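So the chains spell out like this:
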Number of protein chains: 2
Amino acid sequence: MKKFRRSGRLVDMTNYLIHNPHQLIPLTYFADRYESAKSSISEDLTIIKEMFEDQEIGLLLTVAGASGGVKYIPTASNDEIVVFLEDLCQKLEDPNRVLPGGYLYMMDIIGNPKLMNEIGRYFATMFANKKVDVIMTMATKGIPLAYAVATYLNVPVCIVRHEHRITEGSLVSINYVSGSSKRIQTMSLAKRSLKEGSNVLIIDDFMKAGGTVRGMINLVDEFQSNVVGTGVLVEANHQEERLVDQYISMTKLSEVNTKDKLVKVEFGNFFEKLKQMKENE
Amino acid sequence: MKKFRRSGRLVDMTNYLIHNPHQLIPLTYFADRYESAKSSISEDLTIIKEMFEDQEIGLLLTVAGASGGVKYIPTASNDEIVVFLEDLCQKLEDPNRVLPGGYLYMMDIIGNPKLMNEIGRYFATMFANKKVDVIMTMATKGIPLAYAVATYLNVPVCIVRHEHRITEGSLVSINYVSGSSKRIQTMSLAKRSLKEGSNVLIIDDFMKAGGTVRGMINLVDEFQSNVVGTGVLVEANHQEERLVDQYISMTKLSEVNTKDKLVKVEFGNFFEKLKQMKENE
């Protein structure tokens, strides 16, 4: 392989780091890749680190020693998140979203990979230190956000489903009571989709009474694993006691008036929690 | 905003371009962002372009004139794809995947965002010039790959479903015959999920007789839109005539022997078609 100049290395290393977040990359990997001295690679990384921090693209952690290297942790700045969330709330307040039954049309938002990836990066910022092994979500509409978070945390996804498909081998199924409709429902996960002792981050698109999330928490128990966090895109206002007490919501649907087609959306608890977390670091 | 040196700009521009593929970015955007002269930005882009092409990260197209700018087109090299596909075929041939009924367990692959994103980039390379407006997929298992392709093409996703959920407003539903089971099934798409006259790329995880894909093609017709391509992750060997004649498959399941737990997987037509396409460019 030909030798690369610093400018070229910076471009390629940035691309590589962005595509390999939360992964320890030995300096020798880059030294070999560019046939450059480790000292030059270290200097390159210092430039990247400064720029990543300056532009709040993420952190670049360096681990010293023989088994050391560099690790890219994607993050997002408070300023960026506020602007994004204000825009998202405004989008969600569009009266044309109101559907019969007080539901909200959200497929334009969930169907937008760029929005999902942004929100995925925010959740990944929040849960970066939770040692997440796997993301769990519920088919269908939780999947896009779950994969976005998983991409930034560099972990796999397991998908819980309502159906009993036989095409994934033996399943673990649980019955649960939907908090809003009070109906008994079933959710299933393929046995080999989740290893015992995993740290699970639950991600879903919508939470009202919390029955689905509660069900997923119980399912995680069945797999002798631990829930290390729960993140939802939209939390709906709910009068009665919730079935889940710890969760992070990006936005909160405080009012849906079907008759007047009025929707009120505010920030969820995500932003406050993130600020607290950053202050405690 | 403070001034940035070239090295810093290269890092930040690379990050920005990678997160905004298939989008024309005016040079003034970068000039303002870094308070730099357009001539400096042009030189930066030349360095990035060379490195992107050298490392086959993608193409950097420059459009001259007042409404001009730069556009990043993600691509993948033939060498990289061959290595990846050989490894994928080997993974798929693991006899432990064989499930009753001749099905194959694939959730470890579909559940791996890194693999999905890689394959997404390959499909995005193949369909880069097809003026794709939107990706269509079928819930549940087609969704991860569909979003990966959509991220690299920077287009939205619409999700077709078997259920009749009422939470997305009025639906367009069609009946179709599953090619393998010969049963009549229904698929639905929310009316407002797809605009008339869209160029649609269909992405799915698995295709046997092609009934599901055929159904999606008919659904696209119902929306007065055009199918500009179909890509599947795994194509299964099928004796009878297929219901779809034009499709691109990443891999081909040529044999599943449940009794002996034998699986044979080979390259689909993707790689040959991509080579042809690149030769004709």
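In case you missed it, the structure is sitting above this.
Residues numbered from 1 in each chain as written. Chains lettered and ligands numbered in written order. Predicted model: local features only at pLDDT ≥ 70, side-chain atom pairs only at ≥ 80, totals over all residues. Heavy atoms only, no water.

**Brief notes about the relation of the copies chain B and chain A**
Copies of the same chain, two in number, are related to each other by a rotation about an axis and a translation along it. What counts is decided by this rule: Fitting of the copies onto one another was done by least squares over C-alpha atoms, counting residues only where both copies have pLDDT of at least 70. Note on contacts: a residue pair is in contact if any heavy atoms of the two residues lie within 4.5 Å.
In screw terms, the move from chain B to chain A is a rotation of 180° and a rise of 0.0 Å along the axis, fitting with an RMSD of 0.0 Å. Taken together, the rotation and translation describe the operation of a two-fold axis. An overlap of 100% is found between the interface residues of chain B and their copies at the interface of chain A, pointing to a shared contact surface.

**So, helix α8 (residues 211-222) of chain B**
Residues and elements named next belong to chain B. The line we're drawing: The helix count covers DSSP runs of H or I at least four residues long, the strand count covers runs of E at least two residues long, and both are numbered beginning at the N terminus. One less than the number of residues in a helix, times 1.5 Å, gives the span that helix is expected to have. Classification of residues uses two cut-offs on accessible area relative to the type maximum, computed with a 1.4 Å probe and protein chains only: under 20% is buried, over 50% is exposed, and between them is partly exposed.
Here α8 contains 12 residues, and its C-alpha end-to-end distance of 17 Å stays within 8% of the 16 Å for a straight helix at 1.5 Å per residue. Listed as buried for α8 are Gly 211, Val 213, Gly 215, Met 216, Ile 217, Leu 219 and Val 220. Residues of α8 that are buried make contact with β5 (134-138), β6 (157-160), β7 (171-177), β8 (184-190), β9 (199-207) and β10 (226-236). Immediately downstream of α8, the backbone of Gln 224 shows phi near 50°, a positive value.

**Observations concerning the interface of chain B and chain A**
Condition: Two parts lose some accessible area (1.4 Å probe) when they are put together, and adding that loss for both gives the buried area. For this document, the term salt bridge refers to a Lys or Arg side-chain nitrogen within 4 Å of an Asp or Glu carboxyl oxygen. Whenever two N or O atoms come within 3.5 Å, that pair is a polar contact, provided that in protein one can donate a hydrogen and the other can accept it, and provided that, for residues adjacent in sequence, both atoms are side-chain atoms. The classification used treats Ala, Val, Leu, Ile, Met, Phe, Trp, Tyr, Cys and Pro as nonpolar, Asp, Glu, Lys and Arg as charged, and all other residues, Gly among them, as polar.
Residue-level contacts link 61 residues of chain B with 61 residues of chain A. Carbon and sulfur atoms make up 62% of the area that chain B and chain A hide from each other, which totals about 4,900 Å². On the chain B side of the interface with chain A, the three residues burying the most area are Val11(B), Tyr105(B) and Arg192(B), jointly 13% of the side's total. There are 2 salt bridges connecting chain B and chain A. Among the salt bridges present, the one from Lys141(B) reaches Glu168(A), with a minimum N-O distance of 3.6 Å. At the boundary of chain B and chain A, one finds 16 residue pairs in polar contact (both at pLDDT 80 or more). Among the secondary structure elements, those contributing two or more residues to the side of chain B that touches chain A are α1 (6-19), α2 (27-34), α3 (38-54), β4 (103-104), α5 (107-110), α6 (113-126), α7 (143-153) and β6 of chain B. Looking at which element gives the most residues to the side of chain B that touches chain A, the answer is α1(B), with 10 residues. Grouping the amino acids of the side of chain B that touches chain A by side-chain chemistry returns 30 nonpolar, 18 polar and 13 charged.

**A short note on the packing of helix α6 (residues 113-126) of chain A against helix α7 (residues 143-153) of chain A**
Residues and elements named next belong to chain A. Rules: Here, axes are lines fitted to C-alpha atoms. For helices the fit covers the stretch in contact, and angles between N-to-C directions go from 0 to 180 degrees. An angle below 35 degrees is treated as roughly parallel, one above 145 as roughly antiparallel, one from 65 to 115 as roughly perpendicular, and anything else as oblique. Crossings are assigned a handedness: left-handed for a near helix turned anticlockwise from the far helix by less than a right angle, right-handed for a clockwise turn.
Where α6 meets α7, the axes come as close as 8 Å, and the angle between the chain directions of the two elements is 55°. In terms of orientation, α6 lies oblique with respect to α7. When the axes of α6 and α7 are compared, the crossing they make is right-handed. Residue-level contacts link Met 116, Asn 117, Ile 119, Gly 120, Arg 121, Phe 123 and Ala 124 of α6 to Pro 144, Leu 145, Ala 148, Val 149, Tyr 152 and Leu 153 of α7. For the contact of α6 with α7, the per-class residue count stands at 10 nonpolar, 2 polar and 1 charged.

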